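Notes for the structure review
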Amino acid sequence: MMEDHDSCPVCFENFVMPKLLPCKHTFCLRCLKDYCDQQKTVSNKLTATDKDSNNAMDKSAIICPLCRNMCTIPKKGFQDLFTNYFVQISKPSKICEICVQENISTYCTTCFKYKCKVCFRQYDHRKKTSGKTEVTEDDRPNPRLPFHLMFIDGIRTEYICELTKTFQLDVPPNEKGKRWIYSVVASKKGGAYVLPQTVPFVLKFGSNTDLLGKIRTPDPCTCIIELKNGDLLGIFRRSRLILRYVCGGWSHFATTLDYFPYGLAELSDSKIVVCGPSAFPSGDIKEDEIYGIVRMYSESGDALGEIEKKDKENSFLSPSLAVSNKRSKTFAISDQKRLCVTIYHENGDELTTYNGGTSMFNLPMNLFGLQPQGIFQPIEMCCSQAGNFFISCTDGTLHVLDQYGKIMGVALTNCPDGFGTLTDVAVDIDGNIWCSNSEFGTIKLFRHVRYKNHLKSGFILP
């Protein structure tokens, strides 16, 4: 009689693709494959130690994990076994496990993941074999550099990154059905902080994407940084407040009545830089009256003064991101209206402005009848342990700048949408690149695996 279990006897979870052995016992397809591989490994070791033994296992058979009877494996593999629909089957997610955006269309029996059509076609199903035919990382095709980036002078290296993990936040959607993420910030102790829109919590994830803890907030927190002393400093944009989290509670740090705080960063001398667009009274606002504010605060929250641009005509319009590099005592401010990133020394001196090379390819882009404006749109920034600035852009790439704002290269990946089009970015102490799709509540982890061009000394990714 066929056994009826509530869970797989191997993994003790609800069945995923339950397959029925000839002995009438049911197991997950993946569990059967893993168990068979283990049996072959043990058999090979016994055969190697005792050449005269008959321990060599028949490759077309498997010993049932429950009854220990020998069961024949179909020629095409375990997927040709009968599927047992009379057991409790785990309900698959409706979203692709790779891109976590599109609806699933199939279950891959090679990597055991539910995928959409695009991800299934792009996945490399070639099996690794011994000898010269082994598929290595260097054999995989490199992602292509976007056309408009080919006109930027100074890109010496393409940093090829591979997707390692993907998960979706378990938070309720907003009224439009979206799971917006305000920000992702690397933690000095490993992992990252994630700020969802729909719940009043700061979520702390480990480098293995396990949820380590939650910090309740009085309002949704839109930006957060971890200070040198271990305290947290968070922005609450709606109430124009900056609060400090210490000893399990939030306390007042500063109130920004004349502007909306968007980004903040701690400098090497413990001063705090905060930036954001000015807060206007209700009424019609002229275009030339719009401006932004970059203000310096002491570690106790006292306003010390404002940072200004050298060229008054190109003053800040909408400074939204602030990132510091404590090694070089520099910090970067991103202006989303002027589409540029400006690097400053901690003493307030302006060092350089990076615009993604927009001015360098105006002419060739205009020849094709294309509009170059808006191609470089900085979405989020972070600073790695190596002291490099990472800038996520709407073209799905990451621009990598050195500590003084000089372009080093571009990070690329083979994912269909690159690193994402609405992407927060953070690089943790283990070198994981955290990228979130702010609209769908998904987070992807990437690792730098190789360089396409020759890398010069000093240009090192974490």
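What you see is a predicted model, and the numbers here were worked out from it, not measured in a lab. (Residues numbered from 1 in each chain as written. Predicted model: local features only at pLDDT ≥ 70, side-chain atom pairs only at ≥ 80, totals over all residues. Heavy atoms only, no water.)

On to the packing of aromatic side chains, then. If you walk through the whole model with that rule in mind, you get eight aromatic pairs. Judged by centre distance (5.4 Å) and plane angle (90°), the rings of phenylalanine 236 and tryptophan 250 are edge-to-face. Here phenylalanine 236, found in strand E14 (residues 232–236), pairs with tryptophan 250, found in strand E16 (residues 249–255); they are 14 residues apart in sequence, far enough to count as distant. Here the aromatic rings of phenylalanine 316 and tyrosine 344 are separated by 6.3 Å at their centres, their planes lie at 40°, and the arrangement is tilted. Within this pair, whereas phenylalanine 316 is found in the loop between strand E20 (303–306) and strand E21 (319–325), its partner tyrosine 344 is found in strand E23 (residues 340–345), the two being separated by 28 residues in sequence. (Phe/Tyr/Trp six-rings, centres within 6.5 Å; stacked < 30°, edge-to-face > 60°. Helix = DSSP H or I, 4+ residues; strand = E, 2+ residues; numbered from the N terminus.)

Spatial strand order, E17-E18-E19-E20: four strands in an open sheet with antiparallel pairing. A single partner strand is all that each edge strand has here, and the edge strands are strand E17 (263–266) and E20. In this sheet, adjacent strand axes meet at a mean angle of 20° when their direction is disregarded. (Pairing = 2+ DSSP bridges. Axes fitted to C-alpha atoms, helices over the stretch in contact; angles between N-to-C directions.)

A few words on the confidence of the model for the protein. Averaged over the protein, the pLDDT score is 79; the fraction of residues at 70 or greater is 74%. Below pLDDT 50 for its whole length, residues 124–139 participates in 14 contacts with residues either more than four positions away or in separate chains. Overall, residues 359–374 carries pLDDT values under 50, and its contacts beyond four positions in sequence, including any with other chains, amount to 21 contacts. (pLDDT = per-residue confidence, 0-100. Contact = heavy atoms within 4.5 Å.)

So, on to the pairing of E23. By the criterion of burial, E23 is predominantly enclosed, with five of the six residues buried. Pairing between strand E22 (residues 330–335) and E23: six bridges, direction antiparallel. Across the sheet, residue alanine 332 finds its bridge partner in E23, namely isoleucine 343. In this structure, the hairpin formed by E22 and E23 is closed by a connection of four residues, where leucine 339 is found at a positive phi of approximately 55°. Across four bridges, E23 lies against strand E24 (residues 350–354) in antiparallel orientation. When the bridges of E24 are listed, valine 341 appears paired with tyrosine 354. A loop of four residues connects E23 with E24, the two strands running antiparallel in sequence, and glycine 348 in this loop sits at a positive phi of about 100°. (Buried < 20%, exposed > 50% of the residue type's maximum accessible area, 1.4 Å probe, protein only.)

Okay, unusual backbone geometry next. Backbone geometry places lysine 24, a non-glycine residue, at a positive phi of 75°. Here lysine 24 lies in the loop between strand E1 (18–20) and strand E2 (26–28). Residue classification places lysine 24 among the partly exposed residues on the basis of a relative accessible area of 41%. Although it is not a glycine, arginine 68 sits at a positive phi angle of roughly 65°. For arginine 68, the position within the fold is in the loop between strand E3 (61–63) and strand E4 (70–72).

On to the pattern of salt bridges, then. On inspection of all chains with the given rule, the structure shows eight salt bridges. A salt bridge links aspartate 219 to arginine 238; the shortest N-O distance between them is 3.2 Å. With aspartate 219 in the loop between strand E12 (211–216) and strand E13 (223–226) and arginine 238 in the loop between E14 and strand E15 (241–246), this residue pair connects regions lying 19 residues apart in the sequence. A residue is classified by how much of its surface remains accessible, and aspartate 219, at 27% relative accessible area, is partly exposed. Exposure remark for arginine 238: the relative accessible area of 66% places this residue in the exposed category. Among the salt bridges present, the one from glutamate 266 reaches lysine 326, with a minimum N-O distance of 2.9 Å. Separated by 60 residues along the polypeptide, glutamate 266 in strand E17 and lysine 326 in the loop between E21 and E22 bring together distant segments of the chain. (Salt bridge = Lys/Arg side-chain N within 4 Å of Asp/Glu carboxyl O.)

Let us now look at the state of the cysteines. Evaluated as defined, the whole model comprises zero disulfides. Cysteine 435 provides the cysteine sulfur closest to cysteine 161, a residue in no disulfide bond, and the two sulfurs are 8.4 Å apart. (Disulfide = S-S within 2.5 Å.)

With that settled, consider the environment of valine 427. Position of valine 427 among the secondary structure elements: in strand E29 (residues 423–427). C-alpha of valine 427 to C-alpha of leucine 445: the two residues are 18 residues apart in sequence and 9.5 Å apart in space.

Relative to the helices and strands, serine 298 resides in the loop between strand E19 (292–297) and E20. The class for serine 298 is buried, based on a relative accessible area of 14%. Engagement of the side chain of serine 298 in a polar contact is seen with the side chain of serine 300, the distance being 3.0 Å. Beyond its immediate chain neighbours, meaning those up to four positions away, serine 298 contacts Phe253, Ile272 and Leu304. (Polar contact = N/O pair within 3.5 Å; in protein donor to acceptor, adjacent residues only side chain to side chain.)

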